[in-house]
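This is what each chain is made of:
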Amino acid sequence: MDFRIGGVFACLPAFVLAACGRTGLEPRVGGADATTATLPDAARDQRSASDRSCRWTGFAPQANYSGAGDSIAAGDFDGDGRVDIVVSAWGNGVREGTASVFLNRGDGTFALPATYSANLQAQSVAVGDFSGDGRLDFAVTNGLDQLDLFVNLGNGTFAPRARLNGPQEAVVMAAGDFNRDGRPDLAFTTQMDWIAVLLGDGAGGFAAPLTFPTGINVNSIAVDDFNRDGFPDLVVTSADWAGTCPGSGALCLPVGLAAGAVNVLINQGDGTFAAQSTYPAGNGTEAVTTGDFNGDGAPDITATNSVDDTLSVFFNTKDGSFAPQVTYPNAGSGTSALGEPFPGTGGGVAAADFDGDGDVDIVVMHGSSRDHNTGVILVLANQGDGTFRDPLSIPTTGLPMGFTVADFNGDGLPDVAAAMIGETLGVFLSTCE
């Protein structure tokens, strides 16, 4: 089973090989809220409804685990065929940042986390076999131009961090084999208004950053092969600043983020990228992910907009370019409060076939900067032609900061795990009848 996901700091690993039954390196996805990271491979489950023994009916009550953080990713770290979880968290000014690994007990419940010291400003997390030993490692980036690499010791435990040089002012990270040499690489959004790509050497090291210009306020990244040439491409979101426009009779956006866009960078076949193509989205564009929503064999793009609380869908024209957005109301990553410079809503977006009809659905984590205690999971069912039904809303306890989608209990249904504000991991197992 394959799933796709994204969210601001939410980025799922591009190399969850053991967890997803993969035999080669394939790109994953990337994120949304500025406190989350990525997660497991966010692709789609192509099975038909007749292949499932039951009909998806939603999620079981939220199961909570203490000791989580902000950014989340998933992979089979101990090699038992079950999907585990890693969550990174900022330090609090007294202690360092952390990375917490939750090992799956085999039934979709998780053991107490093993916690590893990371940088004070630990942010985005990504998973891959960076050391080349056949086991899944993970990396944590921070805003201090550093990258912490945690090498798997073979039983789901990890060596202390190896401190590497990272790109300047990195924000969100995603993994992919960009130069197709069989070794996982890393791509970062940065506060410098460019993307940085670090090509991996397959032994736990990375080359100096390659940089490519993007829009401003880039806060989410995803990986997919948009022009279907076999080389992973990139998509990032960006958003302009909003003004207060005093004295104007026009409708004004809140101070903070304004008109947004998705920006597509096509791989030139060697791990470098052509100049981006920009497609206007909604206001305060945040999380992004990909999926073949209309079933034509070409990956499409969806992104959440936090200021106007809409979801944008961009259909691939089959050559790596995209048609103008189709929007859905009340399906964004939340609404930002007036006067706040950033939406701060948490959340993200993912793609997976929840109802088992063979069509890729969309799931959004929705929150609000006005209420840090609750959020909702929004599931938009694909109607079979790339259009979506009104969202099914499922409440959460706590504000989601980032999330991932994977089959945690091995029943063939996509589940959800979310890093919640207050260092709680919330797990939502799919139910069916």
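Residues numbered from 1 in each chain as written. Predicted model: local features only at pLDDT ≥ 70, side-chain atom pairs only at ≥ 80, totals over all residues. Heavy atoms only, no water.

**Notes on the overall build of the protein chain**
Right, on to step 1. Helix and strand counts for the protein chain stand at one helix and 33 strands.
Right, on to step 2. The proportion of buried residues among the 433 residues of the protein chain is 60%.
Right, on to step 3. Intrachain contacts of the protein chain at a sequence separation of at least 6 include 56% that bridge at least 24 residues.
Right, on to step 4. By element, 52% of the accessible surface of the protein chain is carried by carbon and sulfur atoms, the whole surface being about 14,500 Å². (Helix = DSSP H or I, 4+ residues; strand = E, 2+ residues; numbered from the N terminus. Buried < 20%, exposed > 50% of the residue type's maximum accessible area, 1.4 Å probe, protein only. Contact = heavy atoms within 4.5 Å. Areas by Shrake-Rupley, 256 points an atom, 1.4 Å probe, with all protein chains shown as cover.)

**Details of the sheet that holds strand S14 (residues 185-190)**
Right, on to step 1. An order of S13-S14-S15-S16 is seen for the four strands of this open sheet, with the pairing classed as antiparallel. The open sheet has two edge strands with one neighbour each: strand S13 (170-176) and strand S16 (210-213). Pairs of neighbouring strands in the sheet enclose a mean axial angle of 25°, with direction left out of account.
Right, on to step 2. As paired strands, strand S15 (residues 194-198) and S16 are joined by four bridges and run antiparallel to one another. Considered in S16, the bridge of Val-197 is made with Leu-210. (Pairing = 2+ DSSP bridges. Axes fitted to C-alpha atoms, helices over the stretch in contact; angles between N-to-C directions.)

**Remarks on unusual backbone geometry**
One can expect most non-glycine residues to show negative phi and most peptide bonds to be in trans.
Right, on to step 1. Positive phi, close to 55°, is recorded for Asp-309, a residue that is not glycine.
Right, on to step 2. One can find Asp-309 in the loop between strand S22 (300-305) and strand S23 (310-314).
Right, on to step 3. Classification of Asp-309 by relative accessible area gives buried; the value is 10%.
Right, on to step 4. Positive phi, normally seen in glycine, also occurs at Asn-330, with a value near 55°.
Right, on to step 5. Position of Asn-330 among the secondary structure elements: in the loop between strand S24 (326-329) and strand S25 (334-335).
Right, on to step 6. Asn-330 sits in the exposed class, given a relative accessible area of 56%.

**Thoughts on the pairing of S23**
Right, on to step 1. Most of S23 is tucked away: five of the five residues are buried.
Right, on to step 2. Of the two faces of S23, the one carrying Thr-310, Ser-312 and Phe-314 and the one carrying Leu-311 and Val-313 are both buried.
Right, on to step 3. The sheet contact formed by S22 and S23 spans five bridges and is antiparallel. What sits directly across from Ile-301, in S23, is Phe-314.

**With respect to the side chain of Asp-300**
Right, on to step 1. By the element assignment, Asp-300 lies in strand S22.
Right, on to step 2. Separated by 2.8 Å, the side chain of Asp-300 and the backbone nitrogen of Asn-316 make a polar contact.
Right, on to step 3. Contact partners of Asp-300, with chain neighbours within four places excluded, come to Thr-289, Thr-290, Gly-291, Asp-292, Phe-293, Asn-294, Phe-314, Phe-315, Asn-316 and Phe-322. (Polar contact = N/O pair within 3.5 Å; in protein donor to acceptor, adjacent residues only side chain to side chain.)

**Examining the environment of Cys-54**
Right, on to step 1. By the element assignment, Cys-54 lies in the loop between strand S2 (31-32) and strand S3 (56-59).
Right, on to step 2. By relative accessible area, Cys-54 is classed as partly exposed at 21%.
Right, on to step 3. Setting aside anything within four residues of it in sequence, one finds Cys-54 in contact with Cys-432 and Glu-433.

**With respect to the packing of aromatic side chains**
Geometry of an aromatic ring pair is reported as the spacing of the ring centres plus the angle between the planes.
Right, on to step 1. On inspection of all chains with the given rule, the structure shows 19 aromatic pairs.
Right, on to step 2. Aromatic side chains Phe-138 and Phe-158 sit 4.8 Å apart centroid to centroid with 65° between the ring planes, which places their arrangement in the edge-to-face category. Note that Phe-138 is positioned in strand S10 (residues 137-142) and Phe-158 in the loop between strand S11 (146-150) and strand S12 (162-165), a separation of 20 residues in sequence. Taken individually, Phe-138 and Phe-158 each receive the classification buried, so the pair is uniform in this respect.
Right, on to step 3. Look at Phe-293 and Phe-388: their rings are 5.6 Å apart centre to centre, the planes differ by 80°, and that puts the pair in the edge-to-face class. Separated by 95 residues along the polypeptide, Phe-293 in the loop between strand S21 (285-291) and S22 and Phe-388 in the loop between strand S28 (371-380) and strand S29 (392-397) bring together distant segments of the chain. (Phe/Tyr/Trp six-rings, centres within 6.5 Å; stacked < 30°, edge-to-face > 60°.)

**Here's the deal with the sheet that holds strand S32 (residues 424-428)**
Right, on to step 1. Across the sheet, which stays open at both edges, the four strands sit in the order S4-S32-S31-S30 with antiparallel pairing between neighbours. Both edges of this open sheet fall to strand S4 (63-66) and strand S30 (400-406), since each of them pairs with a single strand only. With strand direction ignored, the average angle separating the axes of adjacent strands in the sheet is 20°.
Right, on to step 2. Both S4 and S32 contribute to a ladder of four bridges, which runs antiparallel. Residue pairing for S32: Ala-63 is matched across the bridge by Val-427.

**A word on the environment of Asn-217**
Right, on to step 1. Inspection of the secondary structure assignment puts Asn-217 in the loop between S16 and strand S17 (220-224).
Right, on to step 2. A residue is classified by how much of its surface remains accessible, and Asn-217, at 18% relative accessible area, is buried.
Right, on to step 3. Measuring from C-alpha to C-alpha, the distance between Asn-217 and Ala-239 comes to 5.6 Å, with 22 residues separating the pair along the chain.
Right, on to step 4. Leave out the neighbours within four places in its chain, and Asn-217 touches Asp-193, Thr-237, Ser-238, Ala-239, Asp-240, Trp-241 and Leu-257.
Right, on to step 5. Among the polar contacts listed, one links the side chain of Asn-217 to the backbone oxygen of Ala-239, at a separation of 2.8 Å.

**As for the confidence of the model for the protein chain**
Interpretation of the predicted coordinates at a detailed level should be avoided for regions scoring low in pLDDT.
Right, on to step 1. With 79% of its residues at a pLDDT of at least 70, the protein chain reaches an overall mean of 83.
Right, on to step 2. Note on residues 337-346: pLDDT is under 50 here. Beyond four places in sequence and across chains, it has 39 contacts. (pLDDT = per-residue confidence, 0-100.)

**Description of the pattern of salt bridges**
Right, on to step 1. Inspection of every chain in the model, using the stated rule, returns five salt bridges.
Right, on to step 2. Notably, a salt bridge pairs Arg-135 with Asp-133, separated by 3.1 Å at the nearest N-O pair. (Salt bridge = Lys/Arg side-chain N within 4 Å of Asp/Glu carboxyl O.)

**Section: the pairing of S21**
Right, on to step 1. By the criterion of burial, S21 is predominantly enclosed, with seven of the seven residues buried.
Right, on to step 2. Pairing between S21 and S22: five bridges, direction antiparallel. By the bridge assignment for S22, Thr-290 is matched with Ile-301.

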